[in-house]
Amino acid sequence: GMPTAAQLSAWEELRAVATGCASAHRVRLARVPTGGTRAAYAHGAREGPCAEWALDHIFYTPRTLQLAERWATLEADPESAATGLPSLSCPSDHLPVAATFAPVEPPRLAEDRAAALQADVDALQARQAEARAALAATIAAEEREV
């Protein structure tokens, strides 16, 4: 049957969390181009032609992984794309996805840039320590007056 309003609302909330997760954690994700993994009559239809959906996905971080290979999906299985899934050749309602990756060396700062950044952080921490000490002295003076 059709999903209830509560189920759709829960799905929308989950999707919003998932969508914001990568940017919240400052991770750039790429999607393996799997193609269609599910073939069946369009939703609500009782006869063909079959429609395709990318039901399954693989995400990865291209900063540290390079896509090497992926399994072909419905683009390599015209019978299943035409007749729908499950079929005689694939007993599942969708095709499996898989990929292999090669590690990528993450980018690094040059030594002079790293040293300059560390000096900036050290200077910021020193300014913050001075500001905290000044604030603590101000609070102590006001507490004595009270």
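**Student:** Break down the overall build of the protein chain for me, with residues and values.
**Tutor:** Scanning the protein chain for helices and strands turns up three helices and six strands. Written out in order from the N terminus, the α and β elements of the protein chain read α-β-β-β-β-β-α-β-α. Over its C-alpha atoms the protein chain spans a radius of gyration of 27 Å, topping by over 25% the 15 Å that the globule rule assigns to 146 residues. Within the protein chain, counting contacts between residues at least 6 apart in sequence, those at least 24 apart form 65% of the total. Per element, the accessible surface of the protein chain, about 11300 Å² overall, is 58% carbon and sulfur. Here the protein chain contributes 13 positive and 19 negative side-chain charges, whose respective centroids are spaced 3 Å apart.

**Student:** Could you give an account of the side chain of Thr 37, with specific residues and numbers?
**Tutor:** Examined against the element boundaries, Thr 37 turns out to sit in the loop between strand 1 (30-31) and strand 2 (38-41). Thr 37 gets classed as buried once you look at its relative accessible area, which sits at 0%. Ignoring anything within four residues of it in the chain, the contact list for Thr 37 reads Trp 53, Ala 54, Leu 55, Asp 56, Thr 73, Leu 74, Leu 85, His 94, Leu 95 and Val 97.

**Student:** Would you mind going over the packing of aromatic side chains in detail, with residue names and values included?
**Tutor:** Tallied over the full model, the rule gives one aromatic pair. Summarising the aromatic geometry, the rings of Tyr 60 and Phe 101 are spaced 5.0 Å apart at their centres and angled 45 degrees between planes, so their arrangement reads as tilted. In this pair, Tyr 60 sits in strand 4 (residues 59-60) while Phe 101 sits in strand 6 (residues 99-103), placing the two residues 41 residues apart along the sequence. Residue class for Tyr 60 comes out buried when judged on its relative accessible area of 13%.

**Student:** How would you sum up unusual backbone geometry? Please name residues and give values.
**Tutor:** The omega torsion across Gly 48 and Pro 49 is 10 degrees, close enough to zero to call that bond cis. Note that Pro 49 resides in the loop between strand 2 and strand 3 (50-53). A cis amide bond links Leu 85 with the next residue in sequence, Pro 86, at an omega value of 0 degrees. Structurally, the position occupied by Pro 86 is in the loop between helix 2 (78-83) and strand 6. Of note in this structure, Arg 26 is not a glycine but carries a positive phi near 55 degrees. With respect to the secondary-structure elements, Arg 26 resides in the loop between helix 1 (5-24) and strand 1.

**Student:** Can you break down the environment of Asp 122 residue by residue, with the values?
**Tutor:** Position of Asp 122 among the secondary structure elements: in helix 3 (residues 111-145). Overall, the relative accessible area of 39% leaves Asp 122 in the partly exposed class. Along the chain, Asp 122 and Pro 49 lie 73 residues apart, while their C-alpha atoms are 66 Å from each other.

**Student:** Can you break down the pattern of salt bridges residue by residue, with the values?
**Tutor:** Taken as a whole, this structure holds two salt bridges when the rule is applied. With a closest N to O distance of 2.9 Å, Glu 105 and Arg 108 form a salt bridge. Neither residue differs from the other here; Glu 105 and Arg 108 are each classed as exposed.

**Student:** Could you give an account of the environment of Arg 31, with specific residues and numbers?
**Tutor:** Tracing the chain through its elements places Arg 31 in strand 1. Take Arg 31: its relative accessible area is 33%, and that puts it in the partly exposed class. C-alpha separation for the pair Arg 31 and Thr 61, spaced 30 residues apart in sequence, amounts to 8.8 Å. With near-sequence residues (within four places) excluded, Arg 31 lies in contact with Ala 54, Asp 56, His 57, Ile 58, Phe 59 and Tyr 60. At 3.2 Å, the side chain of Arg 31 and the side chain of Thr 34 are in polar contact.

Thresholds applied
- Residues numbered from 1 in each chain as written.
- Predicted model: local features only at pLDDT ≥ 70, side-chain atom pairs only at ≥ 80, totals over all residues.
- Heavy atoms only, no water.
- Helix = DSSP H or I, 4+ residues; strand = E, 2+ residues; numbered from the N terminus.
- Rg over C-alpha atoms; globule rule 2.2 N^0.38 Å.
- Contact = heavy atoms within 4.5 Å.
- Areas by Shrake-Rupley, 256 points an atom, 1.4 Å probe, with all protein chains shown as cover.
- Lys, Arg positive; Asp, Glu negative; His and termini not counted.
- Charge placed at Lys NZ, Arg CZ, Asp CG, Glu CD.
- Buried < 20%, exposed > 50% of the residue type's maximum accessible area, 1.4 Å probe, protein only.
- Phe/Tyr/Trp six-rings, centres within 6.5 Å; stacked < 30°, edge-to-face > 60°.
- Salt bridge = Lys/Arg side-chain N within 4 Å of Asp/Glu carboxyl O.
- Polar contact = N/O pair within 3.5 Å; in protein donor to acceptor, adjacent residues only side chain to side chain.

Without other data, these values stay purely geometric and don't point to any function.
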